[in-house]
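Coordinate inspection notes
Here are the chains, one letter per residue:
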Amino acid sequence: QISLMNDLGADTKGGGKSSAAADKVVEEIRAKGGKAVANYDSVEDGEKLIQTALDTFGRIGVYYICTAMLWLSELILISNLIQRVHLRGSFLVTRAAWNHMKNQKFGRIIMTASAAGIYGNFGQANYSAAKLGRKYNIHCNTIAPVAGSRLTETVMPPDLVASLKPEYVAPLVLWLCHDQCQENGGLFEVGAGWIGKLRWERSQGDIVRQKNQPMNPEAVRDQWEKICDFTDATKPTNIQESLQSIVSVLSRVESEGEVGANPTAAAASATSTSGINPVMGQKLPPSTFSFNHTQCILYALGVGMSTKDPDHLRFLYEGHPDFSCLPTFGVIPSQAAMMDGGLSSVPGLNIDFTQLTSEATIADVLDKGSGAVILLDVNTYSGNELVCYNQFSVFVVGAGGFGGKRTSEKAKAPLPPPQRAPDAVVIDSTTRDQAALYRLSGDWNPLHIDPSFAAMGGFKAPILHGLCSFGFAARHVLKQFADNDPSRFKAIKVRFVKPVMPGQSLQTEMWKEGNRIHIQCKVKETDAVVLSGAYVDLHAASGASPENLPQGGGGLQSELVFAEIGRRIKDLGSELVKKVNAVFSWEITKDGKNSAQWTIDLKNGSGSLHKGPYNGKADVTFAVSDEDFMEVVQGKLNPQKAFFSGKLKVRGNIMLSQKLEVILKDYAKL
């Protein structure tokens, strides 16, 4: 036996500290030929506890957590201490050990509860940890032992304490720790040589509302006896079984319009999609969302807009003559079901609040085997005017396998981009605090801010919100193809593929096909696709017909280079302006025709890059074909040879062209 014995040595009320308890157990283990070391840290210092085990034994394969204190007084007096030791202590030790177990593909975790804990407030933290660790061969179970200890001896007769020996508990712990034991997510009571497994049990219950009628506490009171009657109780084991009964409730309420028996038993025996189809078209309770210019500006900052770019000011300054809200702000009200417009009724608070109402409808439910996908259509109104429409695909883990269809004609389908080089590419850096900023728009999921929570989800650090990347990509299209005019924005569809870490750069590739802009978004540093099958539909520019709109650049390779130049200017613009102090104009041709113009301004402000001619007179103007431009940039064509052969034409101060090396060097990375 190889063991680390942790005991702070506190008294039964959590006070004091002593090494005696841990030392005594270590001595007993060593006396029987085992290896053991004592640790006297609090379980709140989980990292120290686990590090002691690693330093002594080299690995952590199994741990058994038993945190305990007893206080027969008002709970409110010690609730914080109990939570710190019992709840937070168990979590911190688990977090400290988790990655070590994950990397070695083995781990066994034994939590400790009590009969009072089970029957007072039955919890399933062990079940969540069990599902999370299963694929890494990490199993998590909980035991509720009844054994004599320095805690129970204060409330039990001495003879009873003597008969409830820890030896009658230990064998269960040892079996649950064994590599041959496949038990996972279980809860066991154990004591005096007896072991029993517990499971969920649910009454048949009762439906306490009628169709198109509000649900009230009086109906709950009147049916309380049926709600709590465990005659013919059911034993749900997963989310799927729970979801089936809820769906069936909606069906019965809609079809019968009256109070009836709970359909749990019927749902269990229903076949195919009989429990799912009736939910189609069900409307969720409407939610309201109040906002003013502050929320619009905060959202724009959250998706990367900055005062460094003059074009962004119309979305960041409420006093701008063309102040506008980014079109993708429309996802925010639909997520704000828990918010209301209460602030607008506060006397003396003279703020111009705009109130929106969102109505959500279940469009379809799909069976993906390992889970169910709920298609949710959300219409957001300002009064009677439809402001925006969202469709969300919500994946419910474990709710699949009900025999339903896998696809739906109601789903907005993703579309692949054209099979050619993109017409435009924009690279934009997120900041380390991008997720911390974006969450202020209402997505409070701790996965995006709390390192501990992110680690439990398998991430090294908090990840960026998918809808934040979505906002970055949408505004790239808006600027590149709609001159930042939000009135031209019609619709957007994206499929989220992989997460982005705050601080990484987003590369949005765009293909223009009429009024539809296909987009694909990648992490520049890893080339991993994060948004796919995506597109933005634009309204035609005022006074232009679709056939007369300018089309894409036909896949100019130089777009990638200028995108990278733009990123460098954004990062180092002020420094480059000091070194260069010039404006360069580029005329890019393809097949003998002018295809694009670019201006690199390294003379004014902090520098800038924009597509199009310079408003004034450029210091140097270059004319070159797209193919020759790439040859020069990649070092395959000497610029002087290109100039003397006529492939590269230069007007203006030729000597200034030498300063381009500052921004064109090291381009092998492209």
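Residues numbered from 1 in each chain as written. Predicted model: local features only at pLDDT ≥ 70, side-chain atom pairs only at ≥ 80, totals over all residues. Heavy atoms only, no water.

1. Topic: helix α12 (residues 293–302)
Buried within α12 are the following residues: Cys296, Ile297, Tyr299, Ala300 and Gly302. Looking at the packing, one finds that the buried side of α12 touches β8 (287–291), α13 (313–316), α14 (331–335), α15 (434–438) and α17 (466–482). The N-terminus of α12 is capped by asparagine 292, whose side-chain oxygen sits 3.0 Å from the backbone nitrogen of threonine 294. Positive backbone phi, approximately 95 degrees, marks glycine 304, located one or two places after α12. (Buried < 20%, exposed > 50% of the residue type's maximum accessible area, 1.4 Å probe, protein only. Helix = DSSP H or I, 4+ residues; strand = E, 2+ residues; numbered from the N terminus. Contact = heavy atoms within 4.5 Å. Polar contact = N/O pair within 3.5 Å; in protein donor to acceptor, adjacent residues only side chain to side chain.)

2. Some thoughts on the packing of aromatic side chains
In total, this model carries 11 aromatic pairs according to the counting rule given. Through successive ring pairs, a cluster of aromatic residues spans Phe562, Phe584, Trp586, Trp598, Phe622 and Phe629. Over the face of the ring belonging to phenylalanine 472 we find arginine 475, whose NZ or CZ atom lies 4.7 Å from the ring centre. Taking the ring centre of tyrosine 535 as reference, the NZ or CZ of arginine 516 above it sits at 4.1 Å. (Phe/Tyr/Trp six-rings, centres within 6.5 Å; stacked < 30°, edge-to-face > 60°. Lys NZ or Arg CZ within 6 Å of the ring centre and 35° of its normal.)

3. Here we look at the pairing of strand β5 (residues 138–145)
Across the 8 residues of β5, 7 count as buried, placing the element largely inside the fold. Sheet analysis places strand β4 (residues 107–112) next to β5, joined by 6 bridges and oriented parallel. Paired with threonine 112 across the strands is isoleucine 143, a residue of β5. Sheet topology places β5 next to strand β6 (residues 187–191); 4 bridges connect them, and they run parallel. Its bridge partner lying in β6, proline 145 is registered against valine 190. (Pairing = 2+ DSSP bridges.)

4. Side note on the sheet that holds strand β21 (residues 648–652)
Ordered by their spatial adjacency, 5 strands build an open sheet running β19-β18-β17-β20-β21, and the pairing between neighbours is mixed. The two strands at the open ends of the sheet, each matched to only one other strand, are β19 (608–611) and β21. For this sheet, the mean angle separating the axes of adjacent strands, direction not counted, is 15 degrees. Set on the sheet, helix α19 (residues 626–633) makes contact with β17 (582–590) and β20 (620–625); between it and β20 the angle comes to about 110 degrees. (Axes fitted to C-alpha atoms, helices over the stretch in contact; angles between N-to-C directions.)

5. Considerations on the pattern of salt bridges
Tallying each qualifying case throughout the model produces 20 salt bridges. We note a salt bridge from glutamate 564 to lysine 524, for which the minimum N-O separation is 3.6 Å. Of this pair, glutamate 564 sits in helix α18 (residues 558–580) while lysine 524 is found in the loop between β15 (516–523) and β16 (528–538), placing the two residues 40 residues apart along the sequence. In this structure lysine 524 comes out as partly exposed when scored by relative accessible area, which is 31%. With its nearest N and O atoms 3.1 Å apart, the salt bridge here joins aspartate 619 to lysine 603. Remark: lysine 603 occurs in the loop between β18 (593–602) and β19 and aspartate 619 occurs in the loop between β19 and β20; sequence separation between them is 16 residues. One salt-bridge network, held together by shared partners, links Lys524, Glu564, Arg567, Arg568 and Asp571. (Salt bridge = Lys/Arg side-chain N within 4 Å of Asp/Glu carboxyl O.)

6. Some words on the nonpolar core
Formed by 44 residues in total, the largest nonpolar core has its most connected members in Leu326, Tyr438, Met510 and Ile519. Here this core gets 10 residues from one element, more than from any other, and that element is α17. (Core = buried A, V, L, I, M, F, W, Y, C linked by side-chain atoms within 4.5 Å.)

7. Quick word on the confidence of the model for the protein chain
Of the residues in the protein chain, 74% reach a pLDDT of 70 or more, and the chain-wide mean stands at 76. Across residues 68–81, confidence stays below pLDDT 50; counting only partners more than four residues off in sequence or on other chains, it has 21 contacts. Segment residues 253–276: pLDDT under 50, and 48 contacts once partners within four positions in sequence are set aside and those in other chains are kept. (pLDDT = per-residue confidence, 0-100.)

8. As for the sheet that holds strand β14 (residues 505–513)
Spatial ordering of the open sheet is given by β12-β14-β15-β16-β13, a layout of 5 strands whose pairing is antiparallel. Bordering the open sheet on either side are β12 (424–429) and β13 (489–496), each of which pairs with just one other strand. Across the sheet, the axes of successive neighbouring strands diverge by a mean angle of 20 degrees, strand direction being ignored. By the bridge criterion, 6 bridges tie β12 to β14 in an arrangement that is antiparallel. Across the sheet, the residue bridging to alanine 424 is methionine 510, located in β14. Contacts from α17 reach β12, β13, β14, β15 and β16 within the one sheet, and its direction differs from that of β14 by about 45 degrees.

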